[in-house]
Amino acid sequence: MRKVNVAYNEDCIIGMNRIANESVDVILTDPPYMYLKNRKLDRNFDEDAFFVQVNRILKSTGFLVLFGRGESFYRWNYKLSSLGLKFKEEIIWDKRYPSSPLQAISRMHETVAIWTKGCGVLNRVKVDYTEARKYNLDAIIADVKRLRSSLTSVSQLDEIIKFLDTGVKNTLTKDISDSTVTISSKTLGKAPRLVSLVDALQNGMNERSIISEVPEKYRSIHPTQKPVRLIERLLNLVAKPGDIIVDPFAGSFSTAKACINLGLNYIVFEIDNEYFDLGLNSLESYRENSKSNGTQGILFG
């Protein structure tokens, strides 16, 4: 078994071959998309050999979190299905800004597929309201209007106060055909909208399938660098404290940095010497800053 919390400067297929069978909880990675010609960041790799190693080292409850786009991404997903992995979810990374102003269509997103080797169950994750809504002013305005409307309704205010006092979201009262009907929230399947909004303000919102995070363009060391916070949010969906996370195409080492923040163990591989040296230096500085600033956190924190 490779040592954890170590970065290796080697071909990931060779490195993964030294990892024990079914010993890894999560593989999160951003392979070369294979559409940039004559660029070293789009280095060819043996896809079949790579996915065989993915399938071998993942635990039965383990997850693969895979970035991609275009023909290669669809091909990879087919290969994973053929190996028997089970598709769990698709996440869209909304980058907020286009990758290049020269493209015919401004590409502002990347796709992430989440697969499990067998019986992995996604975590229910809460995201702070201000982070979940930070790029959606229309939604914030709508929420404020809903809260304002509660000031004119005694029953709605009572429901909100009851929730704040007890944490219980139990009934919803509606006027139907001039008669008042009380419906159990268990039957309805959801709490009253205003109570749910107050709950979101207090406890956060469920993670969504579209995650908005701005790329770290002005401090990037790799052309396809992913924001550390984006990686944290993805890991929160699939990992638990102490898990072992493998990133076979480490690039800027964003996965390792996210693992430091979340109390996870990592093994990362980067074959390119230049990117490895830049990434390792960046990781060491990040680790020291995390210790001095007390930013090393707990998963789901």
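Look up: the structure comes first, before these words.
Read on for an overview of the structure.

Here we come to the overall build of the protein. From N to C terminus, the protein includes eleven helices and twelve strands. Every one of the 301 residues in the protein was classed for burial, and the buried ones make up 46%. A separation of at least 24 residues holds for 71% of the contacts in the protein among residues at least 6 apart in sequence. Split by element, the accessible area of the protein, about 16,100 Å² in all, is 52% carbon and sulfur.

What follows is about the nonpolar core. Formed by 60 residues in total, the largest nonpolar core has its most connected members in I27, F50, L64, F67, L234 and L235. A per-element tally of this core places helix α9 (residues 228-238) first, with seven residues. If you look at the next biggest cluster of nonpolar residues, it comprises nine residues, including L194, V195, V198 and A200.

Here we come to the sheet that holds strand β10 (residues 210-212). Taken together, eight strands build an open sheet; the order of strands is β1-β12-β11-β2-β3-β5-β4-β10 and the sheet is mixed. Bordering the open sheet on either side are β1 (6-8) and β10, each of which pairs with just one other strand. Across the sheet, the mean angle separating the axes of adjacent strands is 20° when strand polarity is ignored. Inspection of the sheet shows strand β4 (residues 86-94) paired to strand β5 (residues 109-116) by eight bridges, in the antiparallel sense.

In this section: unusual backbone geometry. Despite not being glycine, R96 shows a phi value in the positive range, around 75°. Looking at the element boundaries, R96 is found in the loop between β4 and β5. R96 gets classed as partly exposed once you look at its relative accessible area, which sits at 30%. Residues other than glycine seldom take positive phi values, yet F253 does so here, at roughly 70°. Structurally, F253 can be placed in the loop between β11 (244-247) and α10 (254-262).

Our next topic: the environment of M16. Along the chain, the position of M16 falls in helix α1 (residues 12-16). Once the C-alpha coordinates of M16 and V54 are considered, the two residues, 38 residues apart in sequence, prove to be 8.1 Å apart. Apart from residues no more than four positions distant in its own chain, M16 is found in contact with I27, F50, Q53, V54, R56, I57, P248 and F269.

By the criterion of burial, strand β3 (residues 58-68) is predominantly enclosed, with eight of the eleven residues buried. Here strand β2 (residues 24-29) pairs with β3 via five bridges, running parallel. Paired with V24 across the bridge in β3 is L58. Summarising the sheet, β3 and β5 pair through six bridges and their orientation is antiparallel. Within β5, the residue paired with L66 across the bridge is A113.

What counts and what doesn't
- Residues numbered from 1 in each chain as written.
- Predicted model: local features only at pLDDT ≥ 70, side-chain atom pairs only at ≥ 80, totals over all residues.
- Heavy atoms only, no water.
- Helix = DSSP H or I, 4+ residues; strand = E, 2+ residues; numbered from the N terminus.
- Buried < 20%, exposed > 50% of the residue type's maximum accessible area, 1.4 Å probe, protein only.
- Contact = heavy atoms within 4.5 Å.
- Areas by Shrake-Rupley, 256 points an atom, 1.4 Å probe, with all protein chains shown as cover.
- Core = buried A, V, L, I, M, F, W, Y, C linked by side-chain atoms within 4.5 Å.
- Pairing = 2+ DSSP bridges.
- Axes fitted to C-alpha atoms, helices over the stretch in contact; angles between N-to-C directions.

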